[in-house]
Amino acid sequence: MQGKIVKGIAGFYYVHVVGFGIYECKAKGSFRKEKRKPLVGDNVEIDCLSEEEKTGNIIQIFPRKNELIRPAVANIDQAIVVFAVTDPKPHFNLLDRFLIMMETKGIPAVLCFNKQDIATEKEIQELQEIYRRCGYQILFTSAKKEENIALVKEVLKGKTTTVAGPSGVGKSSLINILQPEAKMETGEISKKIARGKHTTRHSELIPIDEDSYIMDTPGFSSLYVNEFEKEELKYYFPEFTYYEGMCKFQGCDHIHEPKCAVKEAVEAGEIHKVRYQNYLEMYKELQEKRRY
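What counts and what doesn't
Residues numbered from 1 in each chain as written. Predicted model: local features only at pLDDT ≥ 70, side-chain atom pairs only at ≥ 80, totals over all residues. Heavy atoms only, no water. Helix = DSSP H or I, 4+ residues; strand = E, 2+ residues; numbered from the N terminus. Buried < 20%, exposed > 50% of the residue type's maximum accessible area, 1.4 Å probe, protein only. Contact = heavy atoms within 4.5 Å. Pairing = 2+ DSSP bridges. Right-handed = clockwise from strand over helix to strand, strands pointing away. pLDDT = per-residue confidence, 0-100. Phe/Tyr/Trp six-rings, centres within 6.5 Å; stacked < 30°, edge-to-face > 60°. Lys NZ or Arg CZ within 6 Å of the ring centre and 35° of its normal. Axes fitted to C-alpha atoms, helices over the stretch in contact; angles between N-to-C directions. Parallel < 35°, antiparallel > 145°, perpendicular 65-115°, else oblique. Left-handed = near helix turned anticlockwise from the far one by under 90°. Nonpolar A, V, L, I, M, F, W, Y, C, P; charged D, E, K, R; others polar. Salt bridge = Lys/Arg side-chain N within 4 Å of Asp/Glu carboxyl O.

## Focus on the overall build of the chain
No. 1: Scanning the chain from terminus to terminus reveals seven helices and 15 strands.
No. 2: The 292 residues of the chain split such that 49% are buried.
No. 3: Contacts in the chain between residues far apart in sequence, at least 24 positions, make up 66% of those at least 6 positions apart.

The following block contains the structure:
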């Protein structure tokens, strides 16, 4: 039987087999010798031990098309990066780090800004202005009032989607609407620190229908860009691509070089200053990492 790992806890893996349900499985010992660990999202073959008790062993892990380290998950088709329009206001540097993480893995990202029901038109316009040139699809939703949920469902159809973003922005609330059987715990924003409590304890794929899965991930408060060199960073900002080869110097890093097309685009308002500022901060961080 072939299925997909939807959850892994304490050495047990829960495999969803279309038409048959979920089987509790252990991984065969040879995986440990080969230093291969099954991940949530893995497509696997299982040997059924008991149909009545729905138990089995994972005997094969099929090749992965991609893999994330944090969260530890495989075979993701796309990511929906969820932030609130307001309460809490988006932390743009963190948001861009999520987008860069997906860019490095070749995972398409969709931006979803929740809580539009309590946002001003000015706040919504600002977010559109910052991200409209990046090429990402942007959705504005309200989990509380169930606004634009049909658009989200359309984006999810036929794909395995990771739902990423910080705590307290309404990720779990959105998932509860998309799949009521998930019954995920939702947390209130901590009034004291204006930051969400961590309500998701582990990665778990939730079947929406036969070939559509969503995965809620533990809330993040920080994310480090340290898997690549500073010279590579510019390639993970899609709006920079148009200006490639237009700078005076070949291999321009768009920092201190004169006659830089990207810097000129920032000054002309063609690239948003918030995005460029985050690029500078991350470039400096990568520079410091190399120093040590």
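Structure shown, so let's carry the discussion forward.
## Here's the deal with the pairing of strand E10 (residues 137–140)
No. 1: Relative to E10, strand E9 (residues 109–114) runs parallel, the two sharing four bridges. Across the sheet, residue Val110 finds its bridge partner in E10, namely Gln137.
No. 2: For the handedness criterion, the β-α-β arrangement of E9, helix H3 (residues 121–131) and E10 is classed as right-handed.

## Thoughts on the confidence of the model for the chain
No. 1: For the chain, the average pLDDT comes to 87, and 87% of its residues sit at 70 or higher.
No. 2: Confidence, expressed as mean pLDDT per element, reaches its minimum in the chain at strand E12 (residues 189–190) with 36 and its maximum at helix H6 (residues 261–267) with 98.

## Side note on the packing of aromatic side chains
No. 1: Using the criterion set out here, one finds 11 aromatic pairs in the structure.
No. 2: Both rings, one in Phe240 and one in Tyr279, keep their centres 5.1 Å apart while their planes meet at 80°; by these two values the pair is edge-to-face. Taken together, the residues span a long stretch of sequence, with Phe240 in the loop between strand E15 (212–216) and H6 and Tyr279 in helix H7 (residues 273–291) at a distance of 39 residues. Assigned by exposure class, Phe240 and Tyr279 land together as buried.
No. 3: Following the ring pairs from residue to residue traces out a cluster consisting of Phe237, Phe240, Tyr276, Tyr279 and Tyr283.
No. 4: Taking NZ or CZ as reference, Lys26 lies 4.6 Å from the ring centre of Phe12, over its face.

## Examining the packing of helix H2 (residues 92–105) against H3
No. 1: It is at 13 Å that the axes of H2 and H3 come closest, and there the two elements cross at 45°. With respect to H3, the element H2 is oriented oblique. In terms of crossing hand, the pair formed by H2 and H3 is right-handed. Contacts from Phe92, Leu95, Asp96 and Leu99 in H2 reach Glu126, Leu127, Ile130 and Tyr131 in H3.
No. 2: Classifying every residue of the contact of H2 with H3 by side-chain character gives six nonpolar, no polar and two charged.

## Here we look at the pattern of salt bridges
No. 1: The tally for this structure, following the rule as stated, stands at 14 salt bridges.
No. 2: The salt bridge involving Glu34 is made with Arg36; its shortest N-O contact spans 3.5 Å.
No. 3: Between Glu231 and Lys230 there is a salt bridge, and its shortest N-O distance comes to 2.7 Å.
No. 4: Put simply, Asp42, Arg64 and Glu67 are held in one network by salt bridges that share partners.

## Thoughts on unusual backbone geometry
No. 1: Pro88 follows Asp87 through a cis peptide bond whose omega is 5°.
No. 2: Structurally, the position occupied by Pro88 is in the loop between strand E8 (78–84) and H2.
No. 3: In this model, Lys54 sits at a positive phi of 55°, which is unusual for a non-glycine residue.
No. 4: Here Lys54 shows up in the loop between strand E4 (43–50) and strand E5 (55–61).
No. 5: Overall, Lys54 belongs to the partly exposed group, its relative accessible area being 25%.
No. 6: Unusually for a residue other than glycine, His254 sits at a positive phi of about 60°.
No. 7: Within the fold, His254 resides in the loop between E15 and H6.

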